[in-house]
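Residues per chain, in single letters:
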Amino acid sequence: MELYLDTSDVTAVKRLARIFPLAGVTTNPSIIASGKIPVDVVLPELKEALGGNSRLFAQVMGSHAEQMVADARKLRAIISDIVVKIPVTAEGLAAIKILKKEGIPTLGTAVYGASQGLLSALAGAEYVAPYVNRIDAQGGDGIQTVKDLQQLLKLHAPAAKVLAASFKTPRQALDCLLAGCESITLPLDVAEQIITTPAVAAAVAKFEKDWLAAFGVQGL
């Protein structure tokens, strides 16, 4: 199982990389724009913040296949092993096929349906990113889409992985993992919710209080 953070906040990545067993960081144009740091600056900073062999994902901006491929090459010039995110449109599928031939790994993104995701995997994407919460917001079933996509990939494109995205709650992430999802990417607020449960803090505080009352010191 691979756990990613969905952010361009270098400071937060440094802080959470010390805690979480991170596989890497995913970004998209909106995330990069929100940080107001150019992509050629922030991507190396994120790579350094992660350390080790963690993977970075960044997305193209072109709307036509040729533009997407050119963007992908630019991203690979910034980070040589970056995984390039390609929206799964008709032009995106064409771009994924070209990049597959060039040996550039891709992720099919903006996936709202299992069949759409399967097409990206068949075109050559290594990862497929269904938008769980956004599917729910449109009246669909994000978790069921993940399940359907998992089954389709197992049957027809076993080399590809689901990398589920767009979460609003830890429960959504947990349900994806229970559905067999191999990779998830969490926004910072959801990641922090997982490790800041008030009941846990209260339990730890009581342990410390009882120990101090009995022995007069905090440590062992």
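For the structure itself, look to the data block above.
Residues numbered from 1 in each chain as written. Predicted model: local features only at pLDDT ≥ 70, side-chain atom pairs only at ≥ 80, totals over all residues. Heavy atoms only, no water.

Here helix α5 (residues 90–102) is 13 residues long and its end C-alpha atoms lie 19 Å apart, about the 18 Å a rise of 1.5 Å per residue gives. Note on α5: the residue one or two positions beyond its end, G103, has a positive phi of about 80 degrees. (Helix = DSSP H or I, 4+ residues; strand = E, 2+ residues; numbered from the N terminus. Expected span 1.5 Å × (residues − 1).)

Let us now look at the environment of K100. Within the element layout of this structure, K100 appears in helix α5. Residues K100 and V200, 100 residues apart in the sequence, show an inter-C-alpha distance of 46 Å. Setting aside anything within four residues of it in sequence, one finds K100 in contact with A123 and G124. (Contact = heavy atoms within 4.5 Å.)

In this section: the pairing of strand β1 (residues 2–6). β1 sits mainly inside the fold: five of its five residues count as buried. Here β1 shows no split at all, with E2, Y4 and D6 on one side and L3 and L5 on the other all buried. Here β1 pairs with strand β8 (residues 183–186) via four bridges, running parallel. Residue L5 lies in a different strand from β8, and its bridge partner there is L186. Following the chain from β1 across helix α1 (residues 10–17) to the adjacent parallel strand β2 (residues 24–26), one finds a crossover that is right-handed. (Buried < 20%, exposed > 50% of the residue type's maximum accessible area, 1.4 Å probe, protein only. Pairing = 2+ DSSP bridges. Right-handed = clockwise from strand over helix to strand, strands pointing away.)

So, about the sheet that holds β2. Taking strand neighbours around the barrel as the criterion, the eight strands line up as β1-β2-β3-β4-β5-β6-β7-β8 in a closed arrangement whose pairing is parallel. Going across the sheet, the axis of each strand differs from the next one's by a mean of 25 degrees, ignoring polarity. Packing of helix α8 (residues 142–156) onto the sheet brings it into contact with β6 (127–130) and β7 (161–164), and relative to β7 it is tilted by some 160 degrees. (Axes fitted to C-alpha atoms, helices over the stretch in contact; angles between N-to-C directions.)

Listed in full, the buried residues belonging to α1 are V10, A12, V13 and L16. The buried side chains of α1 occupy one side of the element, clustering within an arc of 160 degrees when seen end-on. Projecting away from the buried face of α1 at angles above 90 degrees are the exposed residues T11 and K14. Among the structural elements, β1, β2, α3 (39–50) and α10 (188–194) are those in contact with the buried residues of α1. Between the side-chain oxygen of the N-cap and the backbone nitrogen of T11 there are 3.1 Å, and the N-cap of α1 in question is D9. (Arc of directions from axis to C-beta. Polar contact = N/O pair within 3.5 Å; in protein donor to acceptor, adjacent residues only side chain to side chain.)

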